[in-house]
Amino acid sequence: MVRRSLAEATEAMAGRLVAGEGSRVFDGAALDSRRVEPGQLFFALEGECTDGHRFVADAGRRGAAAAVVHREVEVDPGEVEPGEHASGDPVQGVESPEAGAETSAEDFGLIRVDNTFGALHDLTRHVRRQVPERLVALTGSVGKTTTKELLAVLLARRYRVARNPGNLNNLYGFPLSLLNIPDDTEWMVAEMGMSTPGELGRVSRLGRPDVALLTNVRPVHLEFFDSLRAIAEAKAELFEGLRAGGLVVANAGDPEVVRVVRRHQRRDSRVRVAWFRLETGDAESPPSTATDEETPETETPEAQYRATDIEPPPPAAGPGHRFRLHTAEGVGRGGGAPARPALRGPAAPRPALSSALAPASRPPHPIPRRTAARGVAWLYEARVRAPATG
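Described in the following lines is the structure provided in the data block. As the structure is a computational prediction, the values presented were derived from the model and not from experiment. Counting of residues starts from 1 at the beginning of each chain's written sequence and follows it residue by residue. Where local features are concerned, this predicted model is filtered to residues with pLDDT of at least 70; where side-chain atom pairs are given and counted, the filter is 80 or more; whole-chain, interface and lining totals use all residues. Computation of side-chain values: all heavy atoms of the structure, hydrogens and water removed.

### Details of helix H6 (residues 199-207)
Working step 1: Most of H6 is tucked away: seven of the nine residues are buried.
Working step 2: Whether a residue is buried, partly exposed or exposed follows from its accessible area with a 1.4 Å probe, protein chains only, as a fraction of its type maximum: under 20%, in between, or over 50%, in that order. The helix and strand labels rest on DSSP assignments: H or I over at least four residues marks a helix, E over at least two residues marks a strand, and numbering proceeds from the N terminus. Restricting attention to buried positions, one finds in H6 the residues Glu 199, Leu 200, Gly 201, Val 203, Ser 204, Leu 206 and Gly 207.
Working step 3: On the buried face of H6, the contacting elements are helix H3 (116-128), strand S8 (134-139), helix H5 (173-178) and helix H7 (228-235).
Working step 4: Phi for Arg 208, located one or two positions after H6, is positive at around 45 degrees. When checking whether two residues touch, look at their non-hydrogen atoms; a contact exists if any pair is within 4.5 Å.

Encoded structure:
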């Protein structure tokens, strides 16, 4: 986990250390007192239903090194019983702190800030300037978590990789994820989501990605957006934090993705784009909302990387698709010159990629060798049936 001194964190958050020693080091962060691990920094956030300031003592009982607060609190180990939440009811699955995990009142640190939510973001920005070495951020209406997991498995063959667990991808989850990655992380694979306009841009600016990946745009969160185009504009906020000249990996088969990426290319002439395409006979792409003046933006780009539908899944398996992913030998229409690697560094050999993906999902119906076209290496087969999400 990220290890920093309380003094460094206090300065990064423009706060005051009102209790504890500045030289004390914390390991990672927590937003929920019931999930605190020994040595973590607890942020007392205010929510609609409860207030984290009520549970500062509970965090201390569970071994937190310090708490970040924006009002007066009393650190009394007997104030809150372990395993309780705001309502005072027992919480299923939350264990009492281990014996000896408690932080004594003398050692427990308190950092006073103007606003704990803002301080969480301040510390996130500070840590991001130091780790990880590279960050790839991905978003889309469908397939974010699956893509994140597969990409993390692949990168881990050659790099020290971290990723945000589950779908901790918003203004609370992403900072929590970043503050809990190891200090020697080389690549972080960060899923980023949104439900309202402006949210994804804020998350992206916190993460400052080196690579931005867009899977697709679908009609989800229509309670907050009035059209498919509005959703695409919100997804395009991912570019707000992308470093100048960064890499964009985008779905060439989604007109709305193509539109927003083409526009970003005009704004940043240094940006590099790697296009991929999902080729399937019955998967429908959303219609483009481009006007006549914008038609050049949505001309279908040639994909450098392709995933092809190989055959319908067995009827008993339910709806979905099974795909074959192709290597650079299959670039372009009917082959062509190999593409440059999307990520810098030595390319992993094809057998290594195959073995790397094996733990992520074992194909129930392996592809016979004879079905692989000449010059195209089969890497992975997976049935995809993902719900639409943020």
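Now that the structure has been shown, we can carry on.
### Concerning the packing of H3 against H6
Working step 1: Put simply, H3 and H6 touch, their axes get as near as 8 Å, and they point 40 degrees apart. Classified by the interaxial angle, the pair formed by H3 and H6 is oblique. Residues Phe 117, His 121, Thr 124, Arg 125 and Arg 128 of H3 lie in contact with H6, whose contacting residues are Arg 202, Leu 206 and Gly 207.
Working step 2: Gly is put with the polar residues, along with every residue not named as nonpolar or charged; the nonpolar set is Ala, Val, Leu, Ile, Met, Phe, Trp, Tyr, Cys and Pro, and the charged set is Asp, Glu, Lys and Arg. Class assignment of the residues belonging to the contact of H3 with H6 gives a composition of two nonpolar, three polar and three charged. Lines fitted to the C-alpha atoms define the axes, with helices restricted to the stretch that makes contact. Angles between their N-to-C directions range from 0 to 180 degrees. An angle below 35 degrees is read as roughly parallel, one above 145 as roughly antiparallel, one from 65 to 115 as roughly perpendicular, and any other as oblique.

### Here we look at the sheet that holds strand S5 (residues 41-43)
Working step 1: Pairing within the open sheet is mixed, and its five strands lie in the order S2-S7-S6-S5-S4. Each edge of the open sheet is held by one strand with a lone partner, namely strand S2 (16-19) and strand S4 (29-30).
Working step 2: Direction of pairing for S5 relative to strand S6 (residues 66-69): parallel, over a ladder of three bridges. The partner of Phe 42 across the bridge, within S6, is Ala 67.
Working step 3: Sheet contacts for H3: S5 and S6; angle to S5, the most-contacted strand, approximately 140 degrees. For two strands to pair, DSSP has to find at least two bridges joining them.

Remember that the coordinates give geometry; whether it matters functionally is a separate question.
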